[in-house]
Amino acid sequence: MIFMRIHEVRCARCNRIVNTKAWNTKYCFECASFLRKKIRQKKYDSKRYLNLERREKVKNYHKRYNHSKNGKNKNNEWRRNTLKGRINTFLNNLNRYERRKGVITNYSRIELIKKMDRIRLLGICPQCKCKLSNIPRTPNYLTINHFPPIGIVPKGFVYTLDRLHLICTSCNCKDNQYSFEKYKKELEKNE
Ligand SMILES: [Zn+2]
Ligand SMILES: [Zn+2]
C-alpha cells in the first residue's frame, strides 16, 4: 500500500493554508489555475501584438474613437472623476513644465506614483500633520514641492526623488515665500 502524505502549504498568492498531496506546490488549487490561465493569455496577447496589420487597425480605431463625441466625454470623465485620471493629468502637466524649463529627472513615473501612494495611504501631510483630501484645488490636496523650485533652477539641473517633498497645498504655498538664499547652497552642491 502506498501512503500519500498530505502537506500543509501556505499559498503564496492568497496567504491561505491548504492541504495538498503534491510536495512542491507554492499555491492553492484556485490560485494555481488562475496563474496558469494568466500565462496562457499573455502568450496569446504577445502573438496578437506581433501582427502588424492588427496593431494598425486597433491604433486607428482608438484614434477615431478618442476624437468622437462619446470618446471625448468618456476621457474627460476619467480625468476628472477618478483618482488615477487626476494623477495622470497632474503628472503630464508637470512633465511638460519640466521639459520646457530644461530640467532633468532621475526617476521613473512609477517610482513617483509609489511614493505618492505611500503618503496617500497614511492620509496625513508630513509637514503640518493635517488630514489629506482627494478633492483637487483644496488646501489639503496632496501636491509636489520641488527643492529647489523649478522656476529658479538653471538648465540641466538634475532632480532626484529625494528632492521632491510631497506636502499639502497650503504647505506648498507657504514654502514659496522663502528667499533665493535658502536654495543657494543646494544649487552650488549640484555644480
Ligand atoms: Zn491561493
Ligand atoms: Zn501640510
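Above this text is the structure in question.
Throughout what follows, the structure given in this document is the object of discussion. (Residues numbered from 1 in each chain as written. Chains lettered and ligands numbered in written order. Predicted model: local features only at pLDDT ≥ 70, side-chain atom pairs only at ≥ 80, totals over all residues.)

1. Comments concerning the environment of cysteine 31
Looking at the element boundaries, cysteine 31 is found in helix α1 (residues 29-50). Taking the C-alpha atoms as reference points, cysteine 31 and arginine 13, separated by 18 residues in sequence, lie 6.8 Å from one another. Every residue in contact with cysteine 31, bar those within four places of it in the chain, is listed here: Cys11, Arg13 and Cys14. (Helix = DSSP H or I, 4+ residues; strand = E, 2+ residues; numbered from the N terminus. Contact = placed C-beta atoms within 7 Å.)

2. What to know about the nonpolar core
With five residues, the main nonpolar core is built from Cys125, Leu142, Leu166, Ile167 and Cys168. Ranked by residues supplied to this core, first place goes to strand β6 (residues 164-168) with three residues. When sequence neighbours within four positions are dropped, the list of residues in contact with leucine 142 reads Met116, Ile119, Arg120, Leu132, Leu166 and Cys168. (Core = buried A, V, L, I, M, F, W, Y, C linked by C-beta atoms within 7 Å. Buried ≥ 20, exposed ≤ 12 C-beta atoms within 10 Å, placed from the backbone.)

3. Observations regarding helix α3 (residues 69-81)
Given 3.6 residues per helical turn, the α-helix brings residues three or four places apart onto the same face. If you check α3, its first and last C-alpha atoms are 18 Å apart, about what 13 residues at 1.5 Å a residue would give, namely 18 Å. With zero of 13 residues buried, α3 is to be regarded as a mostly surface element. (Expected span 1.5 Å × (residues − 1).)

4. Points about helix α2 (residues 52-67)
Compared with an ideal rise of 1.5 Å per residue, which puts 16 residues at 22 Å, α2 spans 23 Å between its outermost C-alpha atoms and is within 8% of the ideal. Taking burial as the measure, the 16 residues of α2 include zero buried ones, a minor fraction of the element.

5. Quick word on the environment of asparagine 81
For asparagine 81, the location among the structural elements is in helix α3. With 9 C-beta atoms packed within 10 Å, asparagine 81 lands in the exposed category. Separated by 40 residues in sequence, asparagine 81 and glutamine 41 have C-alpha atoms that sit 31 Å apart.

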